[in-house]
Amino acid sequence: MSHWVRLCGVKEIPEPGSVMEAEAEGVAICLANVDGRLAALDNWCPHRRGPLGAGWIEGEAVVCPWHSWAFNTVTGIAEPPERARVDVMPVKIENDDLLVNLGDSDVPRL
Ligand code: FES
């Protein structure tokens, strides 16, 4: 079920090659700009809940700033040898806003 909500303004979107932390309806989200492709992931790393939105991008992955687990920004799957996954939520731009679809998310609400 779709549930599109505003995540941030278009002007707040991080520069290509960078990430930021954001929040929508109490859900903490890592917003990544991978060479112009935007990806919204669960912000909390499944290892020890490091903030992925405070990490960095390497290739197609967001790297956790605490112990460097890397999560693919398309699938949410951690790079081997780690066995973990974060949720990836659809995003779209409407007018001056970036929207995220929390309806397809399995991220627990706070
Ligand atoms: S908390 Fe993210 S790698 Fe440890």
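Here the residue numbering is sequential within each chain, running from 1 through the sequence in written order. Only residues with pLDDT of 70 or above have their local features reported here, since the model is predicted, and side-chain atom pairs are shown and tallied only from 80 upward, although totals for entire chains, interfaces and linings are computed over all residues. The basis for every side-chain value is the complete set of heavy atoms in the structure, and neither hydrogens nor water enter the calculation.

Visitor: For this particular structure, what's the right way to read the sheet that holds strand E9 (residues 91–94)?
Guide: Sheet strands pair by backbone hydrogen bonding; their relative direction is either parallel or antiparallel. One bridge is not enough; two strands pair if DSSP finds at least two bridges between them. By definition, any uninterrupted DSSP run of H or I lasting at least four residues is a helix, any uninterrupted run of E lasting at least two residues is a strand, and each is numbered from the N terminus. In space, the three strands of this open sheet follow the order E1-E10-E9, with antiparallel pairing throughout. Looking at strand neighbours, the two that pair on one side only are strand E1 (4–9) and E9, the edges of this open sheet. Taking the axes of each pair of neighbouring strands and ignoring which way they run, one obtains an average angle of 35° across the sheet. Across four bridges, E9 lies against strand E10 (residues 97–101) in antiparallel orientation. The residue of E10 that forms the bridge with Ile 93 is Leu 98. Between N-to-C directions, angles cover 0 to 180 degrees, with each direction set by a line fitted to C-alpha atoms, over the stretch in contact for helices.

Visitor: Explanation requested: the pairing of strand E4 (residues 37–42) in the structure shown.
Guide: As a general feature of sheets, a regular strand has side chains that alternate between the two faces. Per-residue accessibility, obtained with a 1.4 Å probe over protein chains only, is compared with the maximum for each type, and a residue is labelled buried under 20%, exposed over 50%, and partly exposed between these values. Most of E4 is tucked away: five of the six residues are buried. Examined bridge by bridge, strand E3 (residues 27–34) and E4 share six bridges and lie antiparallel to one another. Each residue of the ladder has a partner; that of Leu 31, found in E4, is Ala 40. Where E3 folds back onto E4 in an antiparallel hairpin, the turn is made up of two residues, including Asp 35, whose phi is positive at roughly 50°. Direction of pairing for E4 relative to strand E8 (residues 88–89): antiparallel, over a ladder of two bridges. Looking across to E8, one finds that Leu 41 is bridged to Val 88.

Visitor: Where do I start with the side chain of Asp 42 in this structure?
Guide: You can see Asp 42 is positioned in strand E4. Only four residue types enter the charge count, namely Lys and Arg as positive and Asp and Glu as negative; His and the chain termini do not. The rule for a salt bridge is simple: a side-chain nitrogen of Lys or Arg has to be within 4 Å of a carboxyl oxygen of Asp or Glu. Although buried, Asp 42 forms no salt bridge, and the nearest oppositely charged side chain, Arg 49, lies 6.1 Å from it. From its side chain, Asp 42 meets the backbone nitrogen of Trp 44 in a polar contact 3.2 Å long. Polar contacts, as counted here, are pairs of nitrogen or oxygen atoms within 3.5 Å of one another; within protein the pair requires one atom able to donate a hydrogen and one able to accept it, and residues that are adjacent in sequence qualify only if both atoms are side-chain atoms.

Visitor: Help me out: how do you make sense of the pattern of salt bridges in this one?
Guide: It is possible for side chains bearing opposite charge to pair when their charged atoms get close. Taken as a whole and assessed by the stated rule, the structure comprises five salt bridges. With a closest N to O distance of 2.8 Å, Arg 6 and Asp 97 form a salt bridge. One end of the pair, Arg 6, is in strand E1; the other, Asp 97, is in strand E10, with 91 residues separating them in the sequence. Classification of Asp 97 as partly exposed rests on a relative accessible area of 26%. Linking Asp 87 and Arg 85 is a salt bridge whose minimum nitrogen-to-oxygen distance equals 3.6 Å. Asp 87 gets classed as buried once you look at its relative accessible area, which sits at 6%. Judged by its relative accessible area of 46%, Arg 85 is partly exposed. Three or more residues joined by partner-sharing salt bridges are found here, namely Arg 6, Glu 12 and Asp 97.

Visitor: Got a minute to help me understand the sheet that holds strand E7 (residues 70–72) in this structure?
Guide: Pairing in this open sheet of three strands is antiparallel, and the strands run E5-E6-E7 from one edge to the other. Edge positions in the sheet fall to strand E5 (56–58) and E7, since each has one partner strand and no second. Recorded for the sheet is a direction-independent mean angle of 35° between the axes of neighbouring strands. Pairing of E5 with strand E6 (residues 61–63), which is carried by three bridges, proceeds in the antiparallel orientation.

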